[in-house]
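Report on the structure
Chain by chain, the residues:
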Amino acid sequence: MSTTETKSPPKDPKKETTPEKVEDTAPAFEKSYVDQIANQFSDDVEVEYIKENRTRLNVKKEKIIDVAKFIKDNTPFDHAESVSGVDFPDEKEIGVTYHLGSYTDPAYSKQVLALATRAPREETPNPGNDSTKLPSLRDMFYSVEFHEREVFEMLGVYFEGHPDNRRLLLPEDWADLPPLRKDFKNKGR
Amino acid sequence: MAEVIPTKEMPPGLQVENVDDRIMTLNVGPQHPGSGHMRIIVKIDGDYIVDADPDPGYVHRGEEKMAESRNYITNIPHLERPVIHDSCNILYPYVLGVEDLVGIEVPERAKYVRVIAAELNRCIYIQYWLAIYGIFLGHSTMFMWPAGDRELFIDLMEKISGARVTHAYFVPGGVRNDVPANFEDVCLRQVNYFEKRIKEYGDIFYDNPILKARTEDTGVLSREDAIRLGTTGSVLRASGVDYDVRVKEPYDVYDELDVHTNVLKAGDSYARSKVPWLDMLESCNIIRQALEKMPKSGSIRTKLKPNPKGGLDEVYRRVESGRGAAGCYIVSKEKPEPYRLKLSVGSFRNLIALPYLLKGEKLGNMPAVYWSLNYWPVEADR
């Protein structure tokens, strides 16, 4: 468990080291558009340069709408390729990562921007009626519609503002835990 | 009509709706031969579709959940199950992702073998898809020809990997085994014959006036909508967007090969059905180039340590599969198995376009529009 704790979003120690780290490892092209976002939301966005062409922005859930709107209006990212929910029971959070890509600007076609946020997690989930909620990004990125429905049924993250929060893949009468949570165990495993 | 008021607590997921006397609700599937293993709930007014609601999930197998309890090697066979005809391409992003995670280099020869196997698989998949598109439109010759011609490449893949479908051929670090002796000659001969053969599809199918009448101007997806809905693969390229992961973000040796992106502007069902066919011709070109440039001997696999552990925290890799971009997002926590594995596949991403395309169409055009989305139900469900 000690490994997981070091990976949790560290607040103060990392903030001091990021500026130097960014200058050392940040590729020039990614830096040009990430700086634009980071300058606008200096305290709310934590930037990680994972590798070439892959950048991750960790955003607080209160700011995710503003950041997404800014990305949509000021950068060429125009669609979401994937929306992944990740369960972190030790940190009592559920992470949701939007992978954004661009079709319109050829210079950005290699880039994938991961926009990540976290929702609170409850021990006994009641999907849709508990505190595990996030604002939906459907108004900015229309392509997340089915992806967010999938995250809702698989992890129980309710997306506020999504017009159609129905089940997609699971059976209508599924009454067990959301299956991609870590406390839902595979039989025989 | 009065609002339906549920009298007692409803079971989760149960949906209640008001009905209109004029609008008829029609369940297409999940057993209908025209829908695959999915259901499309269509609302029709006379002969016109007023609303369509895709309902996938009938072949959901929980691949992502299964991946969390198996290590990086034992994940290989089950992760290709979503598309057994295109098993190399659906496994490709996972294999590339694991290589990134643990940081291993792939031998040059293995990269070429992987590209050849991936292109052969693309043709096998598209032939199968095309056969079904043919029979959807009542063109039974177009069912027989591709179903027979794909045997050529299936036999070839069997010679390489030992299995006709579900090859489990790619492994992190290279490929499972080397290609057989004189593979280059056999492959080149088969590709040349295959290319000659599929060019004949143009005469019988794509230039066929009946087919054109049925598919042209049906289900038109504009360029803006294709981008906005985040569609991918042949659907996107048929709407005039020049985007192919093999060209835009080359993986393995695609940057050393000359890959042409097929783009059509019309955005209708005809264009969407034609792009995969052009892709097959392009695949033949790629295979020929790769056979020529491939090192004639050398290692084909860098061994992974037993129970490999991820070095990076997370990785997102994507490739161009037969149905569009296939992405794999792996979150690693220094354990032998992935902490979370997400497959983002072309079928699932293209499904969002279906309600838009069907609204306003005649019911008779539904198969032509639906299957032109290059949709594979099993892959969408995962």
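What this report covers is the structure whose coordinates are included nearby. (Residues numbered from 1 in each chain as written. Chains lettered and ligands numbered in written order. Predicted model: local features only at pLDDT ≥ 70, side-chain atom pairs only at ≥ 80, totals over all residues. Heavy atoms only, no water.)

**Description of the packing of aromatic side chains**
Residue and element names in this part refer to chain B. Scanning all chains against the criterion turns up 26 aromatic pairs over all chains. Between Tyr92 and Phe170, the aromatic rings sit 5.0 Å apart at their centres with planes inclined by 80 degrees, giving edge-to-face as the arrangement. Of this pair, Tyr92 sits in helix 3 (residues 87-102) while Phe170 sits in strand 4 (residues 170-171), and the two are 78 residues apart along the sequence. An angle of 10 degrees between the planes, with centres 5.5 Å apart, marks the rings of Trp129 and Tyr133 as stacked. Taken together, the residues span about one helical turn, with Trp129 and Tyr133 both in helix 4 (residues 108-136) at a distance of four residues. Trp129 gets classed as buried once you look at its relative accessible area, which sits at 1%. Clustering of aromatic rings is evident, with ring pairs tying together Tyr125, Tyr128, Phe136, Tyr370, Trp371, Tyr375 and Trp376. Here the guanidinium or amino end of Arg114 rests over the ring plane of Phe170, the centre of that ring lying 5.9 Å away. In this structure, Lys333 is placed above the aromatic ring of Tyr339, and the distance from its NZ or CZ to the ring centre is 4.7 Å. (Phe/Tyr/Trp six-rings, centres within 6.5 Å; stacked < 30°, edge-to-face > 60°. Helix = DSSP H or I, 4+ residues; strand = E, 2+ residues; numbered from the N terminus. Buried < 20%, exposed > 50% of the residue type's maximum accessible area, 1.4 Å probe, protein only. Lys NZ or Arg CZ within 6 Å of the ring centre and 35° of its normal.)

**Some points on the sheet that holds strand 3 (residues 79-88) of chain A**
All names here are of chain A. The five strands lie next to each other as 1-2-5-4-3, forming an open sheet whose pairing is mixed. Looking at strand neighbours, the two that pair on one side only are strand 1 (45-51) and strand 3, the edges of this open sheet. On average, each strand axis in the sheet is tilted by 20 degrees relative to the strand beside it, whichever way the strands run. As defined by bridge partners, strand 1 adjoins strand 2 (residues 54-59) across six bridges and the pair is classed as antiparallel. Its bridge partner lying in strand 2, Glu48 is registered against Arg56. Across the sheet, helix 5 (residues 145-155) lies against strand 3 and strand 4 (93-101), angled at about 10 degrees from strand 3, the strand it touches most. (Pairing = 2+ DSSP bridges. Axes fitted to C-alpha atoms, helices over the stretch in contact; angles between N-to-C directions. Contact = heavy atoms within 4.5 Å.)

**Examining the sheet that holds strand 1 (residues 24-28) of chain B**
Residues and elements named next belong to chain B. Strand order in the open sheet formed by three strands is 1-2-3, and the pairing between neighbours is antiparallel. Since the sheet does not close on itself, it has two edges, and those belong to strand 1 and strand 3 (48-55), each with one partner. For this sheet, the mean inter-axis angle between neighbouring strands, taken without regard to orientation, is 20 degrees. Relative to strand 3, strand 2 (residues 39-45) is paired through seven bridges, and the arrangement is antiparallel. Paired with Asp45 across the strands is Tyr48, a residue of strand 3.

**Quick word on the side chain of B:Ser273**
Residue and element names in this part refer to chain B. For Ser273, the position within the fold is in helix 11 (residues 269-293). We classify Ser273 as buried; its relative accessible area is 0%. Among the polar contacts made by the side chain of Ser273, one reaches the main-chain carbonyl oxygen of Tyr270 at a distance of 2.8 Å. If we ignore the near neighbours within four places in the chain, the residues touching Ser273 are Trp129, Tyr133 and Tyr206. (Polar contact = N/O pair within 3.5 Å; in protein donor to acceptor, adjacent residues only side chain to side chain.)

**Details of unusual backbone geometry**
Residue and element names in this part refer to chain B. Positioned with a positive phi, Thr166 is a non-glycine residue whose angle comes to about 45 degrees. In this fold, Thr166 is placed in the loop between helix 5 (140-161) and strand 4. Phi is positive for Ala168, close to 45 degrees, though the residue is something other than glycine. Take Ala168: it is sitting in the loop between helix 5 and strand 4.

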